[in-house]
Every structure is written in structure tokens, then in C-alpha cells.
Amino acid sequence: MVQNKIDLGFFPTPVQYLNRLSQEFPDYSIYIKRDDNTGLASGGNKTRKLEYLLKQALDEQCNAVITAGAQQSNHCRQTAAACAMIGLECHLLLGGNEPTKYDGNLLLCKMLGATISFTGENRKGETIADYKKSLETKKRKCFVIPYGGSNITGALGFVNAVKELKAQLIGNNLQIDYIFFASSSGGMQAGLMLGLELYGLNTKLVPINIDKSETNGIPLEEVVANILNDGAKLLNSSKNYGPHNIPLNKDYDSAGYGVVTDNERYSIKELAVKEGILLDPVYTGRAFYGMLDCLQNKRIKTNSNVLFWHTGGLPAIFKYAEEIV
Ligand SMILES: *Cc1c(COP(=O)(O)O)cnc(C)c1O
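Residues numbered from 1 in each chain as written. Predicted model: local features only at pLDDT ≥ 70, side-chain atom pairs only at ≥ 80, totals over all residues. Heavy atoms only, no water.

## A short note on the layout of surface pockets
Logical step 1: Here the largest pocket is characterised by a volume of approximately 270 Å³.
Logical step 2: Formed jointly, the lining of the largest pocket draws a minimum of three residues from each of two domains, domain 1 (15–44 + 152–324) and domain 2 (46–149).
Logical step 3: Taken as a whole, the second largest pocket holds about 230 Å³ of empty space.
Logical step 4: In this structure, the second largest pocket is lined by K124, P146, Y147, S150, S185, T215, N216, I218, V223, N226 and I227.
Logical step 5: When its residues are assigned to classes, the lining of the second largest pocket shows 5 nonpolar, 5 polar and 1 charged.
Logical step 6: Both domains that meet at the lining of the second largest pocket, namely domain 1 (15–44 + 152–324) and domain 2 (46–149), each give it at least three residues. (1 Å grid on protein atoms, 1.4 Å probe; cavity = no way out; pocket = protein on both sides within 12 Å on 5 of 7 lines; lining within 4 Å. Points joined across faces, edges and corners; volume = space filled by probe spheres on them. Domains from an automatic or database assignment. Nonpolar A, V, L, I, M, F, W, Y, C, P; charged D, E, K, R; others polar.)

See below:
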């Protein structure tokens with residue numbers, strides 16, 4: 001199951017100790033997992049999902065991939081890069097109207113050869129089915145990747161990522177007590193939850209909610225539970241998950257998706273000047289702020305080892321330049 005993939009990126013991604021930042025929090029040791037270095041035109045967590053999703057697209061002999069997201073979608077940019085690599089057409093349905101200037105991820109999507117349509121208020125794939133029908137009349141065999149690549153196939157990338165992390169921890173004789181990360185379309189979270197269970201890693205997840213709006217009317221906890229239930233079926237497990245089984249920290253999402261506040265500005269600057277590592281304004285900046293706040297206020301147990309899973313997002317910095325500095 002976790003073998004059924006193609007290679008699209010650079011793995012394993014490094015785990016590093018954040019020395020200067022840890023000095024500021026004497027009660028904690030802080031590590032970072034560098035999924036901002038996975039490849040696919042500047043990295044990010046979607047590479048792991050795409051290795052499984054696009055394997056399925058090739059197995060089904062599709063020649064066109066359709067997916068959707070916001071204009072600064074890292075998922076869409078990595079999908080465009082992966083499609084270029086393996087020679088599939090990439091069709092992206094992006095929210096909003098066509099801007100006069102292409103920048104950040106949107107610019108990269110265009111450079112990578114994707115066919116881009118703008119979908120106004122819809123940014124989570126609401127119009128994919130209609131678009132697919134129109135492509136089919138042009139004799140394309142279409143493979144649809146849902147918003148954020150978040151279904152059980154994509155989530156397998158993060159089941160496998162837990163296996164990768166476990167080997168790194170054993171190799172370095174290290175125990176991680178908490179993993180903080182940005183959770184948004186749910187595939188990463190579902191994959192990590194399944195992986196922790198499957199590989200018996202005793203680590204607590206602290207998913208920081210990024211986007212307070214629902215996906216096609218479904219709250220994130222329910223999306224994650226649904227993927228987990230599909231995963232349980234795959235594993236022949238009788239486990240059944242509901243929204244109440246899904247951890248999700250919603251303390252930092254009130255500004256809304258893609259809105260940069262003092263929180264993101266603070267955390268981006270902190271990691272940049274203390275460790276030379278760049279966060280993005282939409283996802284990792286928000287999640288990293290959540291982690292710093294939890295450490296500062298000792299919301300998690302002291303004398304523990306904490307890992308921030310860096311999920312990428314670098315190109316969005318250039319779109320949000322004025323709001324970051
Ligand atoms: C997509 C994304 C996430 C969230 O992952 P999901 O699987 O959608 O929850 C986090 N960080 C970055 C930079 C992303 O692009």
C-alpha cells in the first residue's frame with residue numbers, strides 16, 4: 001500500500017535541531033522537519049501526496065490532471081511541476097479573477113505550463129465536475145485530484161512520512177513528544193494520524209487550523225475523520241472515526257484564510273533571523289506562531305521535545321511581500 005508510488009521529490013527530508021530558538025525556551029528542545037525542501041519547484045508537503053495520486057493517474061492511463069485551489073495554492077504549483085515531470089496535462093481551477101500581474105505560486109503555475117481557469121468565489125474545486133465533462137468532450141482521460149490532494153490516496157504520502165520520520169528518530173536516538181503543523185485540507189493530518197498508529201510512534205499531534213471556512217460544507221474534523229475511515233478500510237481495521245476523535249487547535253485562525261496578522265509577521269521574522277529558515281505567510285507562519293505561543297505559555301508539558309513540520313509555501317512570500325515586512 002505505501003509502496004504504490006512514483007518518485008517525485010527528495011526524501012528523506014532533513015530533521016534539524018533549532019539551536020538558537022531552543023535557547024529561548026529552556027523548557028523545550030525544538031526540532032524541524034524540512035518538507036519545504038521536497039523538490040517540485042520549491043518544495044512543500046503536497047509532493048508526498050502527489051507521489052501516490054499521480055501513480056494512480058498513470059495506472060489509470062489518464063493524460064490530463066485537474067485540481068483546484070486558491071491563486072497562491074502550493075498544492076496547485078506542485079501538481080503543475082509534477083505533471084511537467086511525468087508529461088501529463090495539468091489543468092488548474094483557481095479562485096478569484098485573473099489578476100493583471102502573475103506572481104508567487106500563480107506565476108510558477110504558469111511557468112510550469114499549467115492551463116489555468118479562474119473560478120471566482122469557488123476555490124475548493126466546486127466546479128471540477130463540470131470542467132472534467134468539458135475536457136472529456138476533447139478526448140482527454142481526466143484524473144481529478146480533490147482540493148489539497150486530500151483523500152486517502154494522497155494521505156498515504158503522510159503514512160509513509162511517519163515511517164520516514166521514525167527511522168530518522170531511531171537513527172538519532174531521539175524521542176519527539178509533540179508535532180506541530182499547519183492543517184488545512186486535512187490530508188496531511190489524516191496521513192500522520194494513520195501513520196502514528198500503524199508505526200507505533202508515541203507522539204502527540206498538535207494540528208493548527210489555518211482556514212476557518214468549511215470545504216464544500218464539511219468542517220475539517222469531519223473531512224479528516226472521513227479520510228481516516230477510508231484508511232481503516234484499506235488496512236482492514238474495524239476502527240471507526242468521528243469528528244470528536246480529531247485533534248484540531250483553532251486558536252489562531254480567526255483572521256481568516258490568507259490574511260496576514262501580527263502573529264504571522266512575528267513568527268516569520270523570528271525563525272528567519274534566529275535560524276535562517278523561511279516560513280510562508282498563509283500556512284507555516286500561522287502554525288509556527290501557534291507553536292511559539294504554546295511554548296511561551298507552557299500549554300504543553302515542559303522538558304519535552306517538540307517538532308515543527310515545515311510544510312513549505314515559500315513562493316507565497318513574494319505575493320505577500322508588503323504584508324510581511
Ligand atoms: C497544503 C498546505 C498545508 C496543509 O496541508 P493539508 O494536507 O492541506 O492540511 C500546510 N502548509 C502548506 C505550506 C501547504 O501548502
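## Regarding the site of the ligand
Logical step 1: Around the ligand, a shell composed of 16 residues is seen, among which K46, K49, S184, S185 and T311 lie nearest.
Logical step 2: The contact in question runs from an oxygen atom of the ligand to an N or O atom on the side chain of K49, over 2.6 Å.
Logical step 3: At 2.6 Å, a side-chain N or O of T311 approaches a nitrogen atom of the ligand.
Logical step 4: About the coverage of the ligand: the protein hides 98% of its 380 Å² of free accessible area.
Logical step 5: For the ligand, the cavity whose grid points lie within 2 Å of the majority of its atoms is the largest cavity. (Near = heavy atom within 4 Å. Polar contact = N/O pair within 3.5 Å; in protein donor to acceptor, adjacent residues only side chain to side chain. Areas by Shrake-Rupley, 256 points an atom, 1.4 Å probe, with all protein chains shown as cover. Sits in = over half its atoms within 2 Å of the grid points.)

## A closer look at the state of the cysteines
Logical step 1: Following the criterion strictly, the structure yields 0 disulfides and no others.
Logical step 2: Note on C109: no disulfide assigned, nearest cysteine sulfur contributed by C76 at a separation of 5.9 Å. (Disulfide = S-S within 2.5 Å.)

## Regarding the packing of helix α6 (residues 152–171) against helix α8 (residues 220–234)
To characterise two packed helices, one gives the angle between the axes of the helices and the distance between these axes.
Logical step 1: Two elements in contact, α6 and α8, have axes separated by 10 Å at closest approach and are oriented at 80°. Between α6 and α8, the angle is such that the two are roughly perpendicular. Across the interface between the two elements, I152, A155 and L156 of α6 pack against I227, D230, G231 and L234 of α8.
Logical step 2: Broken down by class, the residue content of the contact of α6 with α8 amounts to 5 nonpolar, 1 polar and 1 charged. (Axes fitted to C-alpha atoms, helices over the stretch in contact; angles between N-to-C directions. Helix = DSSP H or I, 4+ residues; strand = E, 2+ residues; numbered from the N terminus. Parallel < 35°, antiparallel > 145°, perpendicular 65-115°, else oblique. Contact = heavy atoms within 4.5 Å.)

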